[in-house]
Amino acid sequence: MTKLIIQIPCYNEEATLGTTLAQLPRQIPGIDQVEWLIINDGSSDRTVEVALASGVDHVVSFARNQGLAHAFMAGLEACLKAGADIIVNTDADNQYCAADIPRLVEPILQGEADIVVGARPIRQIKQHFSPTKKLLQGFGSWVVRLASKTNVVDAPSGFRAISREAALRLNVFNEYTYTLETIIQAGRQGMAIKSVPIRTNGYLRPSRLVKSIPSYVKRSLLTILRISMTYKPLRFFAVLGSVPFSFGVLLGIRWLVLFFLENGTRSRAPSLILAAILILIGFQLWMFGLVADLMAVNRKVLEDIQLRLRRAELNSNQKER
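Residues numbered from 1 in each chain as written. Predicted model: local features only at pLDDT ≥ 70, side-chain atom pairs only at ≥ 80, totals over all residues. Heavy atoms only, no water.

Draft legend 1. Region of interest: the sheet that holds strand E1 (residues 3–10). In space, the seven strands of this open sheet follow the order E3-E2-E1-E4-E6-E5-E7, with mixed pairing throughout. The open sheet is flanked by strand E3 (58–62) and strand E7 (193–197), the only strands paired with a single partner. With direction set aside, neighbouring strand axes in the sheet form an average angle of 20°. Here strand E5 (residues 115–119) runs beside E7; their pairing, made up of five bridges, is parallel. Paired with Val116 across the strands is Lys194, a residue of E7. (Pairing = 2+ DSSP bridges. Helix = DSSP H or I, 4+ residues; strand = E, 2+ residues; numbered from the N terminus. Axes fitted to C-alpha atoms, helices over the stretch in contact; angles between N-to-C directions.)

And the structure:
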């Protein structure tokens, strides 16, 4: 039997959760069993009561708010323990059209993808996507495509389907959001990622993740830089170190040319010192990259151990059932 669990991270979603759950399917072609799960991220309202009244099968609750990334990972873990073969993540504000879930899971059922990301019609959305936000969203997705070596169209989209194997291998280190990091991480690990066009619903409430465009851009860039340093440290520090090293070499060549042209009449010591400092900085950054690359080998070993432990734990739980 193929089981699909739809998970929804929730934080004070009493007003919109009922509408969202009412749209979720209970039957999907190619799926034998569909269940719903919410992650109550320390809500202080009636989120859990609304969920239970709407027929949610599983509830994961935090005593206090821990953020979207923690809620997402807790949901994946709970779904895996509940026997999910495919996990669909969506938002509690009913932003994404639940009728597109079959389209979202189809590539996984066909064995074409490990992760499927729903691509919103950004250009057609006018209600809460300003021209600036659309431009930044497109630029951010382009950067993520470069960093992950994938063709994901809408990287910030939270509407996505994840296979059991992919869910076992995912980790989220960022406390802000999971959307960008999981795509870059999956791409670097060689998972097959696919985008499918999806529809969106009406605007029910402002985004809690994007409180301001500058803040969101700053956090997103830091996430991309961090994950790039984690999975490609040698390349990252090699490129970073090449900048001061190149300037230092050019400055050193300039000093040599001027020194010989002037027959050593002027020492130009400041230029020589600056050239030496820049070359030294570049060399040190290269060494940092080499050390980080060696540490990345240990990270890969730890990831393999974690994957084996997760599989063993889930197999043990299934045997007990």
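Draft legend 2. Quick look at the environment of Ser195. Within the fold, Ser195 resides in strand E7. Judged by relative accessible area, which is 19%, Ser195 ranks as buried. Spatially, the C-alpha atom of Ser195 lies 23 Å from that of Arg219, the residues being 24 residues apart in sequence. Excluding its chain neighbours within four sequence positions, the residues that come into contact with Ser195 are Val117, Asn151, Val152 and Val153. A distance of 3.1 Å separates the side chain of Ser195 from the backbone nitrogen of Val153, its partner in a polar contact. (Buried < 20%, exposed > 50% of the residue type's maximum accessible area, 1.4 Å probe, protein only. Contact = heavy atoms within 4.5 Å. Polar contact = N/O pair within 3.5 Å; in protein donor to acceptor, adjacent residues only side chain to side chain.)

Draft legend 3. Molecular detail of the pairing of strand E4 (residues 86–89). In E4, alternate side chains face the same way, and those of Ile86 and Val88 on one face and Ile87 and Asn89 on the other are all buried. Where E1 and E4 come together, four bridges link them in parallel fashion. Among the inter-strand pairings, Gln7 is bridged to a residue of E4, identified as Asn89. When E4 meets strand E6 (residues 160–163), the two strands line up antiparallel, connected through four bridges. When the sheet's bridge partners are listed, Ile87 is paired in E6 with Ile162.

Draft legend 4. Structural detail: helix H1 (residues 14–23). Among the residues of H1, Thr16, Leu17, Thr20 and Leu21 are the ones counted as buried. Down the axis of H1, the smallest arc covering the buried residues is 135°, so these residues share one side. In this structure, H1 carries Ala15 and Ala22 as exposed residues pointing more than 90 degrees from its buried face. Summarising the contacts, the buried residues of H1 are in contact with E1, strand E2 (33–41) and helix H2 (47–53). (Arc of directions from axis to C-beta.)

Draft legend 5. Spatial organisation of the pairing of E3. In the sheet, E2 pairs with E3 via five bridges, with the strands oriented parallel. Looking at the pairing, Ile39 lines up with Val60 of E3. With respect to chirality, the unit in which E2 leads through H2 into the neighbouring parallel E3 is right-handed. (Right-handed = clockwise from strand over helix to strand, strands pointing away.)

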